[in-house]
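# Chain and residue survey
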Amino acid sequence: LNSTKELFHHLHHQHRDVSALVRFKSKADLWNKINTSSHFCQWWGVTCYGNRVVRLVIEDLYLGGQLVPDSVNRLDQLRVLSLKNTSLTGPIPDLSGLVNLKSLFLDHNSFSGSFPLSVLALHRLRTLDFSFNNLIGPIPPGLALLARLIYLRLDSNRFNGAVPALNQSSLHTFNVSVNNLTGAIPVTAVLLRFGISSFLKNPNLCGEIVHKECNPRPKFFTPATTTTKTAPPPAKSLSQIAQIGLPRPNHGKHSRFVIILTFISGAFILFISIACLIGAVKRRNHTKNHSKEKQSTAVVTFDAAETAEVAAAIEQESEIEEKVKKLQATKSGSLVFCAGEANVYTMDQLMTASAELLGRGTVGTTYKALLDSRLIVTVKRLDAIRLAGVGRDKFERHMESVGALGHPNLVPLRAYFQAKEERLLIYDYLPNGSLSSLVHGTKSSRATPLHWTSCLKIAEDVAQGLSYIHQAWQLVHGNLKSSNVLLGPDFEACIADYCLVALATNPPLTSGDGQEDADAAAYKAPEARHKSLNYQSVKADVYAFGILLLELLTGKQPSKIPVLTLDGMMEWVRKVREEGEKKNGNWREDRDKFGMLTEVAVACSLASPEQRPTMWQVLKMLQEIKEAAVMEECELVMDSTNSGSS
Ligand SMILES: Nc1ncnc2c1ncn2[C@@H]1O[C@H](COP(=O)(O)OP(=O)(O)OP(=O)(O)O)[C@@H](O)[C@H]1O
């Protein structure tokens, strides 16, 4: 009975393969070039295994038709699909049924439409070639999740938007040249491996790899009619964030909390909003060329009567009228959403969210807020006294720059708000705590002594995020420390609180906790200690990174890290690790690797800023350590294989 069932099953699948091929041929092969007179496994380009199609390779043949839905997509045993240079047209259909596919070549055709998102579901994919087609729209950031990808060619299409932050170490061929991509090339270890040739002929790409400096605020200072603006980096939508499994908060713990208390009455919002809009119009008159771009992010609330009044005042301004219509439609409060973020919640919803205090920091108080029982965000309420001297425009301009940053190792800023002295920043909520809790423990969790590979991974993540801030956007973090490095859903390190201290005009109120202050002070570079209160520089960030790396390697609080020469520091780190080893039993330390990481940390924390490396150089050093370790590992495996076989 079983074998009858199996036979039936097999025949059913075979039939599926035949009908898939027949449908493919009927719509793609307009000139009947594929000979189908024999058994389907003998068709031109078809290879079977056990009468199931595993390869379909038809190349350099004029087919001229379309790849229609429900044709090749039904070949669920297919490993290789290559239809290169076959003059196919139309969109690339759903391919999510090709669950076993390893290689997909659709290059040198005339495929149009957008990148087929179904490809992102093909987790076995190693080779993907869509080059030389007419594909348009963004390259999906989800490509970064195809962990086995070795070969990716998307060159010579019409793709636009940002380069996704690919970082799968398997990738050895990558090309997105001759497209319309824009913005800063993400600084990931893997993308850094590829030279300028992988990115050529995308006139609006910038960053170290293409030797072109990015403008930190291109959106607002580039004439709207040109296309030379830097596109906002890709940002996950808030609904996507909700889907990636943020933990459900305990409602019992949440106090019903109205984030902004009493100052926003309806009339007040109206007043501020109209003032903003009129201000915007005035500014627009001064900088006529620049206003168009700004419209995409500025969002102001007002109601119908005031709309009519304001609209009358700006009758001649057709672009502003557009804005009026858009704003009437969205009614999203005075929240300004960053980097293309959809307006998925309003100020009202944010105000009535239940919130939990996460902590008080240098520039404000941070809450975890639950919006409509569906979305968790982090809200930072900036300290009005610390930011007292910062005007509305300055704040807005600064947040526009910060909001345009986008990198896998930065906690995304989603929106911001300001009214009178109230200023809020809305970030993604990262569920896995901070690096500080990981290294030093909390009330509820014990400290974890980190293996050198974890130290290296975290250091590399932080170096990537920081290097991106420095070189692509020429901003400065200003407050790097372990409580500002958070762990993402995959325990990747993400930098928080970036570029905020620049706004502080008054010193913080002392916390009264001497220990905490001493630790915070230990990250400060010597040259910054006696300068003005918000002195910052890229080299001061590098210094803080050095201290953070020593904290990671030793598990010691920053204030307990001594100032030593290289040899002294090597010795101290070794001793601390050995003590940890005794306490924690069976660790097999790799002293060389700790030594190399210590050298990097010491170079970063040198007293003289000129002698410290740049974050870019630090990243390279860390990558060299990683590559050396991988080589060693390979040699070990080969040695043991050889000795096993002899
Ligand atoms: N996006 C976030 N997701 C999850 N936790 C966060 C987030 N941002 C901050 N936190 C946590 O909230 C707490 C308070 O953060 P906050 O930034 O206000 O202070 P801090 O990091 O201690 O000091 P500083 O303001 O100097 O950076 C910290 O424990 C921090 O790890």
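The notes below deal with the structure included here. (Residues numbered from 1 in each chain as written. Predicted model: local features only at pLDDT ≥ 70, side-chain atom pairs only at ≥ 80, totals over all residues. Heavy atoms only, no water.)

## Examining the site of the ligand
We apply this condition: Put simply, a residue is near a molecule or strand once any heavy atom of it comes within 4 Å of that molecule or strand. Any pair of nitrogen or oxygen atoms within 3.5 Å is treated as a polar contact; in protein, a donor-acceptor pairing is required on top of that, and neighbouring residues in sequence qualify only through side-chain atoms on both sides. Computed with the Shrake-Rupley method and a 1.4 Å probe, the accessible areas treat only the protein chains shown as cover for residues. The numbering of helices and of strands both runs from the N terminus, where a helix is a DSSP run of H or I of at least 4 residues and a strand a run of E of at least 2.
Near the ligand you find 19 residues, and of these T362, T366, K481, N484 and D497 are the closest. Backbone polar atom of S483 to an oxygen atom of the ligand: 3.3 Å apart, as the coordinates give it. In isolation the ligand has 600 Å² of accessible area, and contact with the protein removes 85% of it. For the shell around the ligand, the secondary-structure elements that each account for two or more residues are β15 (354–360), β16 (364–371) and β17 (375–382).

## Quick word on the sheet that holds β17
We count it as follows: A pair of strands is considered paired only if DSSP assigns at least 2 bridges between the two. Residues count as neighbours in contact if any of their non-hydrogen atoms are within 4.5 Å of one another. Note on definitions: angles span 0 to 180 degrees between N-to-C directions of axes, and those axes are lines fitted to C-alpha atoms, for helices only across the stretch in contact.
Read from one edge to the other, the open sheet built from six strands follows the order β14-β18-β19-β17-β16-β15, with strand pairing classed as antiparallel. Of all the strands in the sheet, just β14 (336–337) and β15 have a single pairing partner and so form its edges. Contacting β17, β18 (413–419) and β19 (422–428), helix α10 (residues 392–403) crosses the sheet at an angle of about 175° to β18.

## What about the sheet that holds strand β12 (residues 180–184)?
Here we have six strands laid out as an open sheet, ordered β4-β6-β8-β10-β12-β13, and parallel in their pairing. Each edge of the open sheet carries a strand with a single partner, namely β4 (89–91) and β13 (204–206). Looking at each pair of strands side by side, their axes are set apart by 20° on average, direction ignored. Two elements, strand β10 (residues 158–161) and β12, share two bridges in a ladder whose sense is parallel. The partner of N160 across the bridge, within β12, is N180.

## Let's talk about the pairing of β18
Consecutive residues of a regular strand have side chains that alternate between opposite faces of the sheet. In plain terms, the rule: Working definition: with a 1.4 Å probe on protein chains only, accessible area under 20% of the residue-type maximum means buried, over 50% means exposed, and in between means partly exposed.
With seven of seven residues buried, β18 lies mostly within the body of the structure. In this structure, β18 lies alongside β19, joined through six bridges in antiparallel fashion. Looking at the pairing, F417 lines up with L424 of β19.

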